[in-house]
Amino acid sequence: MTKKKTHKPGSATIALNKRARHEFFIEDEFEAGLSLQGWEVKSMRAGKANIGDSYVLLKDGEAYLFGANITPLQVASSHVVCDPTRTRKLLLNQRELDNLYGRVNREGYTVVALSLYWKNAWAKVKIGVAKGKKQHDKRTDIKDREWQVDKARIMKHAGR
């Protein structure tokens, strides 16, 4: 009898874009595959990825991840030219692409990368259809978050 190896939930996450939820209202989320080179997979396994400034470009009927930074490892193969910020193709089906095109072109939405993670052996990126927040919306979110922290602190000291 072999015991299945268990791992902590959330440990498959490579990189998060925390700023995206602060800057945008996320309306809908999609999971997309990434077209990667070998050195990029090795770097992502080592945790050398950043999607903080990335967004999704839609052109010629395809989606591309632009601005994601995958830092090459020092031990990467020397005969390969490593471009850390190259544009990477997203693997989505046609129905999802049509949905994204329609929303971006007609309704004024944008598409941002939310997280980069492993699903089994495949690298996946979670992308979100988003609408930009105004300054007062951001202030409201900050106020709500601070209230939750204060409320938790009050409840902790109330039990004593």
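What you see is a predicted model; the values in this text were computed from it and never measured. (Residues numbered from 1 in each chain as written. Predicted model: local features only at pLDDT ≥ 70, side-chain atom pairs only at ≥ 80, totals over all residues. Heavy atoms only, no water.)

Engineer: What am I meant to see in the overall build of the protein chain here?
Structural biologist: What the protein chain contains, in helices and strands, is 4 helices and 9 strands. When the helices and strands of the protein chain are placed in sequence order, the string is β-α-β-α-β-β-β-β-β-α-β-β-α. Here the protein chain has a C-alpha radius of gyration of 19 Å; the compact-globule value for 160 residues is 15 Å, and the former is much larger. In terms of overall dimensions, the protein chain has a C-alpha envelope of 65 × 55 × 35 Å along the principal axes. When contacts within the protein chain are restricted to residue pairs at least 6 apart in sequence, those whose partners lie at least 24 apart make up 70%. Of the roughly 11,000 Å² of accessible surface on the protein chain, a fraction of 52% belongs to carbon and sulfur atoms. Once the 31 positive and 18 negative side-chain charges of the protein chain are each reduced to a mean point, those two points are 8 Å apart. (Helix = DSSP H or I, 4+ residues; strand = E, 2+ residues; numbered from the N terminus. Rg over C-alpha atoms; globule rule 2.2 N^0.38 Å. Contact = heavy atoms within 4.5 Å. Areas by Shrake-Rupley, 256 points an atom, 1.4 Å probe, with all protein chains shown as cover. Lys, Arg positive; Asp, Glu negative; His and termini not counted. Charge placed at Lys NZ, Arg CZ, Asp CG, Glu CD.)

Engineer: Explanation requested: the pairing of strand β2 (residues 24-34) in the structure shown.
Structural biologist: Along a regular strand, successive side chains alternate from one face of the sheet to the other. Taken together, the 9 bridges between β2 and strand β9 (residues 122-132) define a ladder with antiparallel strand orientation. When the sheet's bridge partners are listed, Phe 24 is paired in β9 with Gly 132. Of the strand pairs in this sheet, β2 and strand β7 (residues 88-91) are connected by 2 bridges, and their pairing is antiparallel. Across the sheet, Gly 33 pairs through a bridge with Leu 91, a residue of β7. (Pairing = 2+ DSSP bridges.)

Engineer: Explain the confidence of the model for the protein chain to me, please; I cannot follow it from the model alone.
Structural biologist: Atomic detail in the predicted coordinates should be set aside for any region of low pLDDT. Of the residues in the protein chain, 91% reach a pLDDT of 70 or more, and the chain-wide mean stands at 81. Per-element confidence in the protein chain is highest for β7, whose mean pLDDT is 90, and lowest for helix α1 (residues 18-23), whose mean pLDDT is 77. (pLDDT = per-residue confidence, 0-100.)

Engineer: What is the right way to read a nonpolar patch on the surface from this model?
Structural biologist: Taken together, the side chains of Tyr 55, Leu 57 and Phe 66 make up a nonpolar region of the molecular surface, amounting to roughly 230 Å² of accessible area. Inspection of the secondary structure assignment puts Leu 57 in strand β4 (residues 55-59). Relative accessible area serves as the criterion here: at 32%, Leu 57 is assigned to the partly exposed category. (Patch = residues over 30% accessible without salt bridge, like charges linked within 9 Å, V, L, I, M, F, W, Y side chains within 5 Å. Salt bridge = Lys/Arg side-chain N within 4 Å of Asp/Glu carboxyl O. Buried < 20%, exposed > 50% of the residue type's maximum accessible area, 1.4 Å probe, protein only.)

Engineer: Explain the environment of Gly 61 to me, please; I cannot follow it from the model alone.
Structural biologist: Among the structural elements, Gly 61 can be located in the loop between β4 and β5 (62-66). Once the C-alpha coordinates of Gly 61 and Gln 94 are considered, the two residues, 33 residues apart in sequence, prove to be 8.6 Å apart. With residues up to four places along the chain from it excluded, the contact list for Gly 61 reads Leu 97 and Tyr 101.

Engineer: Would you mind going over unusual backbone geometry with me for this structure?
Structural biologist: Even without being a glycine, Asp 60 presents a positive backbone phi close to 55 degrees. Tracing the backbone shows Asp 60 in the loop between β4 and β5. Phi at Asn 120 takes a positive value of approximately 60 degrees, unusual for a residue other than glycine. As for its placement among the helices and strands, Asn 120 is situated in the loop between β8 (110-119) and β9. Among the residues examined, Asn 120 registers a relative accessible area of 74% and is labelled exposed.

Engineer: Teacher, can you tell me more about the side chain of Glu 96 here?
Structural biologist: Secondary-structure assignment places Glu 96 in helix α3 (residues 94-107). No salt bridge is formed by the buried Glu 96; the nearest opposite charge belongs to Arg 95, separated by 5.2 Å. If we skip the residues at most four places from it in the chain, Glu 96 touches Phe 30 and Glu 31.

Engineer: What's the story with the nonpolar core in this structure? I'm lost.
Structural biologist: Note on soluble globular proteins: their nonpolar side chains tend to be buried together. Core analysis: the biggest nonpolar cluster contains 29 residues, and Met 44, Val 56, Leu 90, Leu 100, Leu 116, Val 125 and Ile 127 have the highest contact counts within it. When residues of this core are traced back to their parent elements, those giving at least two are β1 (13-16), β2, α2 (38-45), β4, β5, α3, β8 and β9. Ignoring anything within four residues of it in the chain, the contact list for Ile 127 reads Asp 28, Glu 29, Phe 30, Val 56, Leu 90, Leu 92, Leu 100, Val 111, Val 112, Ala 113 and Leu 114. (Core = buried A, V, L, I, M, F, W, Y, C linked by side-chain atoms within 4.5 Å.)

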